[in-house]
Every structure is written in C-alpha cells, then in structure tokens.
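Listed here are the chains, written in short residue letters.
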Amino acid sequence: MSEQYKCPNCGATIVFDPATGGMHCDYCGYTCELPKPEEGNEIGEIDFDSATHIESFDWGQQKKEVQCKQCGAVSIYDVLETAAVCPFCGSTNVMPAATEETVAPGAVCPFTVTKEQAGEYFTKWLRKKWFAPRKARVKAKPKAFQGVYLPYWTFDTQTTSNFEGRAGHDKLKGEDDEGLIVKWEKVSGVYQEFFDDVTVLGSKRHTGSGVKECEPFDFSKMVPYTPQAISRFVAERYSIGLQEGWGLAKEDIQYRLKNNINSYICKNWKADRADVKFSTDYSNVTYKYIMVPAWISSFQYKNNVYQFAVNGQTGKVGGTTPTSGWKVLVTVVICLIASWLLYSLFH
C-alpha cells in the first residue's frame, strides 16, 4: 500500500517542504510540523552480524503496481522505488519502507536546498569551469530537476592491523650533497584505529551523475525515518546490498589504513618514508541505512548530455562538463612558455 497525507482544510495532499522543514499544502497554504517519530524509533547503529537481509538487487528486473488514492490511477514503478509522484494528478505515493527481502531506512537527511536554489548553485558552478566553452557556461540551463532521496550505508568498525615492512631514512651522499640514498630498517607492530561513518552509496544507477562529487552529506542533521519525511520526492531503495556495501567500505578503509600506518611508522621510527604490508581484523561492526537528498538533472550542449547532482543539504555540485579544445591548447602553450622562461632565467 502507498501512503498519502491529506490537508485537513482542503483535502489535497500535503508534502514535505525543504524551505521550512515541515509539511505544506500547495493548494491552500496549510503548514504543520513534520510528525514526530514513534517512541523507540530513535536513530541507532545496528549490529552487522545480526543483519538478516544482506543481498543486492537489480533495478528494472521487477515492477509493482501502485494505485493512487487521490485519483485512482494505477501506475507501474520499479520495485526499488520507495516514493514517486502520480503522473496523472501529481500526488505523492509513498511505498512501504521495507519488503520481506529488504531493510528499512533508519534515518533521513531532509532537503534544505530548494529546487530554485539548486538551479542557482548549478549556474555558479558551471560559470567557474574555466575549460568549459563560454557558450556552455553562459547559456546552459538544467533540465527539469528531480529531487531524489538516495540510499546510503554508513559503517562503524574497530580495526586492529598487524603490520611489517620497512622504514626509510633519507641521506644525502657526496661532498656536494647531490645524491640521495635511503637507509632501510625492518619494522613491525600492531596498529589500531576506529572508523566512524564510512559511507557507501547504495545505488548502482547514479555512478556517473555526480553524486559522489557532491559529497559529503551532513549526517548530524538526520532525523528518524518517517514516510512523511520523503513525501513529494522520488525515493530509491538500495540496489547495493548490505554485504556488498560492507565490501566497498572495507576497500575504502584499507586504502586509508595503508596511508595511516605509513604515517604511524614515519612518526614513531622518525623515518622519511615507509613500505609496509598488513592484515586487518574488523570488530564491533555496525551500520546505518540512511536516505540522503540530492537534486539530479542534466544539460545539453552540442548534442551531448551532461549529468550533474546538487547536494540537497549543502548545495555542493558534482558532475561533468564539456571541454573547450582551444582553451586547453592555450593553457598548455602558456605553461610551456612559462617553463622555458624560468629555465632561461636560472640557466
């Protein structure tokens, strides 16, 4: 069943309003606060080992029918959509947060950037792109914005890493200190670090839309999930499941650990560089499933479509832009001339 929320004055559908952070009726202007979550529905970390639904899902493989309570029309949606807009009357359909095979969101980061503000942020962002053609920077307009709640996993974990490798000490050789040699010594030890809120985008649909570039999202502003909080916007259920998401999070953690362990060795062995191998044990792994806001759109330039996203909390923009070949060429020529002048000056 889908859920809709009626205005007590006129009977129209009331929806979430990013400008006020409350519910709003577009027809008569009625406003009210976002309903408080039920007692016991506070945001909390969930133990990873106790999770029962960990698999991933494919978009477009299964469909579902949802009947609009406002006009009675039946629309077909992808099973991974959790909210959409009726194409016949414009009312919001909010589907159940979880099915028998999926996990329900625990929290929502509400929109605070309006559609109009997102357009302004996009225009400013594009005009700062030096390598974009001037016509694109001045004339490109985003197509119809779509406000989307995207699925994100966040993971917390304690890590314990056993490492061994080498610490390198740089020394200059020769009377004129012209050469550099590195004196290596063997090192080993244990490194511990706690990671908080390692984020993973839970969707495979938006890899090229600029969503990752418009991070981070402000998780301090999240509220417990309620269907009302996502009304008016499209909301997407995750296609990257908990197990796959944790695998991606561990890749991120491993990358950070390598840099952090190298820094740890350089600090404690007073070294200039480090070369290390390590193995890591993960304990006390917890997760949250959060819906985050983004405005998704695109613009067209010379028959090519460029996707971008605007962070629905901060207004940060991410995406791709066209490149002006002559601007790149001019920049390269200027750099070559500057390099030649510097070389001539000091030689």
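Note that the coordinates shown come from a computational prediction; the quantities given were computed from them, not determined experimentally.

Peer 1: Hey, could you run me through the environment of Lys183 in this one?
Peer 2: Residue placement: Lys183 occurs in strand S11 (residues 179-201). The spatial distance from the C-alpha of Lys183 to the C-alpha of Lys171 is 7.4 Å, given a sequence separation of twelve residues. Leave out the neighbours within four places in its chain, and Lys183 touches Ala167, Gly168, His169 and Lys171.

Peer 1: What should I look at first to understand the sheet that holds strand S2 (residues 22-25) in this one?
Peer 2: As a general point, the strands of a sheet are linked pairwise by backbone hydrogen bonds and lie either parallel or antiparallel. Taking strand neighbours across the sheet as the criterion, the three strands line up as S1-S2-S3 in an open arrangement whose pairing is antiparallel. The open sheet has two edge strands with one neighbour each: strand S1 (14-17) and strand S3 (31-32). Inspection of the sheet shows S1 paired to S2 by four bridges, in the antiparallel sense. Along S2, the bridge assignment pairs Ile14 with Cys25.

Peer 1: What is the right way to look at the nonpolar core in this model?
Peer 2: It is characteristic of soluble globular proteins that their nonpolar side chains tend to be buried jointly. Counting residues in each nonpolar core, the largest one holds 54 residues, and the members touching the most others are Tyr149, Trp153, Phe155, Tyr287 and Trp295. Counting residues per element, the ones that place at least two in this core are S1, S2, helix H1 (115-127), strand S10 (146-173), S11, helix H3 (242-268), strand S14 (273-301) and strand S15 (304-311). Of all the elements, S14 adds the most residues to this core, at eight residues. Residues in contact with Tyr287, not counting those within four places in the same chain, are Gly44, Glu45, Ile46, Asp47, Phe48, Ala51, Val103, Trp153, Thr154, Phe155 and Leu242. Ala107, Leu201, Ile296 and Ala309 belong to the second-largest nonpolar core, a separate cluster that totals 17 residues.

Peer 1: I'm lost on unusual backbone geometry in this one. Help?
Peer 2: Backbone geometry follows two general trends: most residues other than glycine have a negative phi, and most peptide bonds adopt the trans configuration. In this chain, Glu215 is followed by Pro216 through a cis amide linkage whose omega measures 5°. The topology assignment puts Pro216 in the loop between S11 and strand S12 (223-224). You will see that Asp197, though not glycine, has its phi angle at about 55°, which is positive. For Asp197, the position within the fold is in strand S11. Positive phi outside glycine occurs at Asn284, with the angle close to 50°. Relative to the elements of secondary structure, Asn284 occurs in strand S14. The exposure class of Asn284 is exposed, given its relative accessible area of 61%.

Peer 1: Teacher, can you tell me more about the environment of Asn259 here?
Peer 2: Note on placement: Asn259 falls in helix H3. Separated by 15 residues in sequence, Asn259 and Ala274 place their C-alpha atoms 9.6 Å apart.

Peer 1: Just checking my understanding: could you explain H1 for this structure?
Peer 2: It helps to recall that an α-helix has 3.6 residues per turn; residues three or four apart then point in one direction. Counted at 1.5 Å a residue, the expected span for H1 with its 13 residues is 18 Å, and the 19 Å between its end C-alpha atoms agrees. Taken as a whole, H1 has its buried residues at Ala118, Gly119, Phe122, Trp125 and Leu126. For H1, the angular spread of the buried residues around the axis is 125°, confining them to a single face. Opposite the buried face of H1, at more than 90 degrees from it, the exposed residues are Glu116 and Lys124.

Peer 1: Looking at this model, I keep getting lost on the pairing of S10. Mind explaining?
Peer 2: The two faces of a sheet get side chains in turn, since along a regular strand they alternate between them. In this sheet, S14 lies alongside S10 in antiparallel orientation, the contact comprising 22 bridges. Within S14, the position partnered with Val148 by the bridge is Ala294. Bridge count for S10 against strand S13 (residues 234-236) is two bridges, and the pairing is parallel. The partner of Tyr149 across the bridge, within S13, is Ala235. As defined by bridge partners, S10 adjoins S11 across 21 bridges and the pair is classed as antiparallel. From the neighbouring strand, Thr154 faces S11, where its bridge partner is Thr199.

Peer 1: I keep staring at the pattern of salt bridges and nothing clicks. Help me out?
Peer 2: What the rule picks out here adds up to seven salt bridges. The residue Lys288 makes a salt bridge to Asp197 at a minimum N-O spacing of 2.9 Å. Taken together, the residues span a long stretch of sequence, with Lys288 in strand S14 and Asp197 in strand S11 at a distance of 91 residues. Judged by relative accessible area, which is 7%, Lys288 ranks as buried. Owing to a relative accessible area of 23%, Asp197 belongs among the partly exposed residues under this scheme. Residue Lys204 is joined to Glu244 by a salt bridge in which the shortest nitrogen-to-oxygen separation is 3.8 Å. Highlighted residues: Lys204 in the loop between S11 and S12 and Glu244 in helix H3, separated in sequence by 40 residues.

Scoring rules and cut-offs
Residue indices begin from 1 for each chain and proceed along its sequence in written order. Local features in this predicted model are restricted to residues whose pLDDT is 70 or higher, and side-chain atom pairs enter the listing and the counts only when it is 80 or higher, whereas totals over whole chains, interfaces and linings include all residues. Side-chain metrics in this entry use all non-hydrogen atoms of the structure; hydrogen atoms and water are not considered. Numbering goes from the N terminus for both helices and strands, where a helix is a DSSP run of H or I of at least four residues and a strand is a run of E of at least two. Contacts are assigned to residue pairs that have any heavy atoms within 4.5 Å of one another. If DSSP finds at least two bridges between two strands, the strands pair. As used here, the term nonpolar core means buried Ala, Val, Leu, Ile, Met, Phe, Trp, Tyr and Cys residues forming a set that is joined through side-chain atoms within 4.5 Å. Summary of the burial criterion: residues with accessible area below 20% of their type's maximum are buried, those above 50% are exposed, and those between are partly exposed, where the area comes from a 1.4 Å probe applied to protein chains only. For a helix, the expected span equals 1.5 Å multiplied by the residue count minus one. In this description, one arc is meant: the one made by directions from the helix axis to the C-beta atoms. Within this document, salt bridges are pairs made up of a side-chain nitrogen of Lys or Arg and a carboxyl oxygen of Asp or Glu, the two lying within 4 Å of each other.

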